[in-house]
Amino acid sequence: TILCELGPAERALYNGLREHYRGDLLGRVERDGLARSKMHVLEVLLRLRQAACHPSLVDKKRRHSSSAKLDVLLPRLAELRAEGHKAIVFSQFTSLLALLRTELDASGVTYEYLDGKTKRRAAIVERFQTDPTVSLFLISLKAGGVGLNLTAAGYVFLLDPWWNPAVEAQAIDRAHRIGQTREVFAYRIIAKDTVEEKVLQ
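1. Structural notes on the overall build of the protein
Item 1. Regarding its fold elements, the protein presents seven helices and six strands.
Item 2. When the elements of the protein are put in sequence order from the N terminus, they spell out β-α-α-α-β-α-β-α-β-β-α-β-α.
Item 3. Against the 2.2 N^0.38 benchmark of 17 Å for 201 residues, the protein shows a C-alpha radius of gyration of 18 Å, consistent with a compact globule.
Item 4. Projected onto its principal axes, the C-alpha coordinates of the protein cover approximately 60 × 35 × 30 Å.
Item 5. Looking at the protein residue by residue over its 201 residues, the buried ones come to 45%.

See below:
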């Protein structure tokens with residue numbers, strides 16, 4: 001687990017959302033009861049998880065804001081590329097992967113991408129597995145849970161924690177398959193002092 005500190009602007013946004021939702025939820029639960037407020041509770045948890053990843057996931061106008069997670073991830077990916085390693089990055093949020101793609105495109109990094117809408121999965125997987133110029137594979141967590149054999153990767157990064165540890169384990173297992181000849185290092189990137197630490201617990 002890699003813990004990252006939200007920057008001042010990210011922290012202010014996150015804390016503001018948390019306080020707003022806390023007041024709203026307490027009033028709603030008091031008025032309607034917990035059972036009738038469950039969907040609202042889940043929506044609040046989703047929003048806080050998004051705010052822990054990147055400000056623009058909760059406010060589109062903040063697309064160019066900095067993100068502690070990407071600030072931690074990008075230098076590590078550059079280091080792995082320089083050493084000739086391949087890596088997989090998983091996120092539940094395709095919008096977060098889209099932001100990462102923008103950064104990679106600006107740096108001229110060659111990568112493959114897969115989410116639930118991707119066609120020609122086999123060809124994309126084959127290119128990642130065999131093409132030495134493709135060092136990175138971005139995958140949405142749900143799309144990457146089954147049916148992918150990615151033994152070319154020695155590193156796996158989970159950008160956001162998932163409620164169900166089995167889903168995370170399945171994602172990591174994409175690289176840890178029969179035919180894997182090297183150790184696989186898996187990293188979970190967690191924003192400190194956010195709901196993500198509660199998800200881990």
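2. Focus on the state of the cysteines
Structurally, a disulfide amounts to a covalent bond that connects the sulfur atoms of two cysteines.
Item 1. According to the stated counting rule, one finds zero disulfides in the structure shown.
Item 2. Here C4 stays free of any disulfide, with the sulfur of C53 as its closest cysteine sulfur at 8.9 Å.

3. Some words on the sheet that holds strand β4 (residues 136-140)
Note: strands within a sheet are paired through backbone hydrogen bonds, in either parallel or antiparallel orientation.
Item 1. Strand order across the open sheet formed by six strands is β1-β6-β5-β2-β4-β3, with parallel pairing between neighbours. The sheet terminates laterally at β1 (2-4) and β3 (111-114), the two strands that pair on one side only. Strand-to-strand twist in this sheet, taken as the mean axis angle between neighbours without regard to direction, amounts to 20 degrees.
Item 2. Alignment of strand β2 (residues 87-91) against β4, held across five bridges, turns out to be parallel. Opposite I88, over in β4, you have F137 as the bridge partner.
Item 3. Most of the contacts of helix α4 (residues 94-106) go to β4, to which it runs at about 160 degrees, and overall it touches β2, β3 and β4.

4. Observations concerning the packing of helix α1 (residues 8-32) against helix α2 (residues 38-53)
Item 1. One way to put it is that α1 packs onto α2 with a least axis distance of 10 Å and a crossing angle of 175 degrees. Considering their axes alone, α1 and α2 lie roughly antiparallel with respect to each other. Counting all contacts with α1, which are made through E10, Y14, L17, R18, Y21, D24, L25 and R28, the residues of α2 involved are H40, V41, V44, R47, L48, A51, A52 and C53.
Item 2. The residue inventory of the contact of α1 with α2, partitioned by class, reads 10 nonpolar, one polar and five charged.

5. Notes on the packing of aromatic side chains
Item 1. Counting across every chain of the model gives three aromatic pairs.
Item 2. Centroid distance Y155 to F185: 5.2 Å. Interplanar angle 20 degrees. Geometry classified as stacked. With Y155 in strand β5 (residues 155-158) and F185 in strand β6 (residues 185-191), this residue pair connects regions lying 30 residues apart in the sequence.
Item 3. Look at Y155 and you get buried, because its relative accessible area is 15%.
Item 4. We classify F185 as partly exposed; its relative accessible area is 34%.
Item 5. Above the plane of the ring of F128 lies K86, whose end atom (NZ or CZ) is 4.9 Å from the centre.
Item 6. Above the plane of the ring of Y113 lies R101, whose end atom (NZ or CZ) is 4.0 Å from the centre.

6. Quick notes on the layout of surface pockets
Item 1. Here the largest pocket defines a volume of roughly 280 Å³.
Item 2. Taken together, 14 residues form the lining of the largest pocket, with Y14, R18, R22, L48 and V195 sitting closest to its centre.
Item 3. Every element with two or more residues in the lining of the largest pocket is listed here: α1, α2 and α7 (195-200).
Item 4. It is α1 that provides the largest number of residues to the lining of the largest pocket, a total of five residues.

Criteria and cut-off values
- In every chain, residue numbers begin from 1 and rise along the written sequence.
- Only residues with pLDDT of 70 or above have their local features reported here, since the model is predicted, and side-chain atom pairs are shown and tallied only from 80 upward, although totals for entire chains, interfaces and linings are computed over all residues.
- Excluded from the side-chain calculations are hydrogens and water; all other atoms, namely the structure's heavy atoms, are used.
- Secondary structure counts use DSSP, requiring at least four H or I residues in a row for a helix and at least two E residues in a row for a strand, with both numbered from the N terminus.
- Based on C-alpha atoms, the radius of gyration is set beside the globule rule, defined as 2.2 Å times the residue count to the power 0.38.
- Under the scheme applied here, a residue whose accessible area is under 20% of the maximum for its type counts as buried, over 50% as exposed, and between as partly exposed, the area being computed with a 1.4 Å probe on protein chains only.
- Our working definition of a disulfide is a cysteine sulfur pair at a distance within 2.5 Å.
- Strands were regarded as paired on the criterion that DSSP finds at least two bridges between them.
- Axis definition: a line fit to C-alpha positions, over the contact stretch in the case of helices; interaxial angles, taken between N-to-C directions, run 0 to 180 degrees.
- Here, two residues are considered to be in contact whenever any of their heavy atoms come within 4.5 Å of each other.
- Orientation is classified from the angle alone, with under 35 degrees giving roughly parallel, over 145 giving roughly antiparallel, 65 to 115 giving roughly perpendicular, and any other angle giving oblique.
- By the convention adopted, Pro, Cys, Tyr, Trp, Phe, Met, Ile, Leu, Val and Ala count as nonpolar, Lys, Arg, Asp and Glu as charged, and the other residues, Gly among them, as polar.
- Between 30 and 60 degrees the pair is tilted, below 30 it is stacked and above 60 it is edge-to-face, where a pair is any two Phe, Tyr or Trp rings, Trp via its six-membered ring, whose centres lie within 6.5 Å.
- Distance and angle both matter: a charge sits over a ring if NZ of Lys or CZ of Arg is within 6 Å of the ring centre and within 35 degrees of the ring normal.
- For each structure, a 1 Å grid was placed over the protein atoms alone; sets of points admitting a 1.4 Å probe that cannot get out are labelled cavities, open sets with protein on both sides within 12 Å along at least five of seven lines are labelled pockets, and lining residues have an atom within 4 Å of a point.
- Grid points are joined across faces, edges and corners, and a volume is the space filled by probe spheres set on the points.

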